[in-house]
Amino acid sequence: MQLIGRNLSPFVRRTAIVLNLLDLKYEQVGLSTADDMAEIAKHNPIVRVPAMILDDGEALLDSNAIIDHLLEVADPDNRLLPASGAERRAVLRLAAIGHGIMEKAVSSSYERNRRPKEKVFDGWVNQVEDQVKGGLAALNAAAAQAKGGEWLCGDHPTLADVNAAVAHDFTQIVAPYIMKDDPYPALTALAQRGNAMPAFGDTAFKPG
Ligand SMILES: N[C@@H](CCC(=O)N[C@@H](CS)C(=O)NCC(=O)O)C(=O)O
C-alpha cells in the first residue's frame with residue numbers, strides 16, 4: 001500500500017497514525033500539494049492528499065474513506081471505533097471536532113500563506129481561527145473530563161484521540177500564536193501521551 005502525501009497535512013498524518021495503530025505496512029510517498037500537483041493529479045483528480053493506493057492499484061481518496069477501509073479490513077475488534085451505539089457516537093463526535101479543527105486550521109493557513117499579503121482578509125482569518133479555538137476548547141474539556149483512563153473514550157486510544165492529537169499538533173505548527181501559554185493543557189497532555197507512542201510520534205512532521 002502507498003500513502004500519498006506528507007505528514008504536514010493533518011489528514012495524511014491521521015491516516016498514517018491509524019495505519020501504524022493497526023500494524024499495517026505501507027510506503028509513504030511524500031508529495032506536497034504546493035509543489036507536486038501534477039504527480040498528485042495522477043492519483044486524485046481533485047489534487048488533494050491523502051490518497052491511498054492499494055496493492056491492486058485501486059486508489060482510495062480522502063482520509064475518511066481511507067480510514068473507513070482500514071478499519072473494515074484491519075480492526076476486527078473495533079478498538080479505534082466502537083461498532084455501534086453511544087460509544088461509537090461519542091468517538092465519532094470527538095473525531096469530527098478534531099477533523100473540523102484540521103479543516104479550519106488548513107483554511108486559515110491557506111488564507112495567510114497562499115495569498116498576496118494585501119489580499120488576506122483578516123475578518124475571515126479571525127472567523128476560522130475562532131472556529132479552531134472553539135474546537136480546541138471542546139477537546140480540552142473532553143480531555144479534562146475523561147473518566148478513569150488516559151484517553152478520551154476509555155483505556156486505549158481511539159480515532160477521537162488520533163484526531164485530537166493531530167489537530168493539536170497541526171495548530172501548533174501553522175498557528176502557534178493560538179497555542180501561546182498553553183491555553184488547552186489537558187489537550188496538550190493528551191497529545192503528549194499520544195506522541196510518546198511510536199504509532200503517533202514516528203509520524204510527527206519533520207520540516208526539510
Ligand atoms: N476531507 C479531506 C481533506 C483533505 C485536504 O484538504 N487536504 C489538503 C492538504 S492538508 C489538500 O490536499 N489541499 C489541497 C487542496 O485542497 O487544493 C480529507 O479528510 O482527506
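Note that the coordinates shown come from a computational prediction; the quantities given were computed from them, not determined experimentally. (Residues numbered from 1 in each chain as written. Predicted model: local features only at pLDDT ≥ 70, side-chain atom pairs only at ≥ 80, totals over all residues. Heavy atoms only, no water.)

Draft legend 1. View of the pattern of salt bridges. The tally for this structure, following the rule as stated, stands at five salt bridges. Its salt-bridge partner being R115, residue E111 comes within 3.0 Å of it at the nearest N-O pair. Exposure remark for E111: the relative accessible area of 8% places this residue in the buried category. Of the residues examined, R115 reaches a relative accessible area of 41% and is grouped as partly exposed. (Salt bridge = Lys/Arg side-chain N within 4 Å of Asp/Glu carboxyl O. Buried < 20%, exposed > 50% of the residue type's maximum accessible area, 1.4 Å probe, protein only.)

Draft legend 2. Region of interest: the sheet that holds strand β4 (residues 59–61). The strand order across the open sheet built from four strands is β2-β1-β3-β4, with neighbouring strands paired in mixed fashion. Both edges of this open sheet fall to β2 (27–29) and β4, since each of them pairs with a single strand only. Pairs of neighbouring strands in the sheet enclose a mean axial angle of 20°, with direction left out of account. Bridge analysis of strand β1 (residues 2–4) against β2 gives three bridges, and the strand direction is parallel. Its bridge partner being in β2, Q2 is matched across the sheet by E27. Where helix α1 (residues 10–21) meets the sheet, its contacts fall on β1, β2 and β3 (51–53), and the angle it forms with β1 comes to roughly 160°. With respect to the sheet, helix α3 (residues 63–74) is in contact with β3 and β4, its orientation differing from that of β4 by roughly 120°. (Pairing = 2+ DSSP bridges. Helix = DSSP H or I, 4+ residues; strand = E, 2+ residues; numbered from the N terminus. Axes fitted to C-alpha atoms, helices over the stretch in contact; angles between N-to-C directions. Contact = heavy atoms within 4.5 Å.)

Draft legend 3. Here's a closer look at the packing of helix α4 (residues 85–113) against helix α6 (residues 159–174). It is at 8 Å that the axes of α4 and α6 come closest, and there the two elements cross at 20°. When the axis of α4 is compared with that of α6, the two are roughly parallel. In the packing of α4 onto α6, the handedness of the crossing is left-handed. Taking contact as the criterion, the partners of V91, L94, A95, G98, H99, I101, M102, A105, V106, S109 and R112 in α4 are, on α6, L159, A160, N163, V166, A167, F170, T171 and V174. Per-class residue counts for the contact of α4 with α6 are 13 nonpolar, five polar and one charged. (Parallel < 35°, antiparallel > 145°, perpendicular 65-115°, else oblique. Left-handed = near helix turned anticlockwise from the far one by under 90°. Nonpolar A, V, L, I, M, F, W, Y, C, P; charged D, E, K, R; others polar.)

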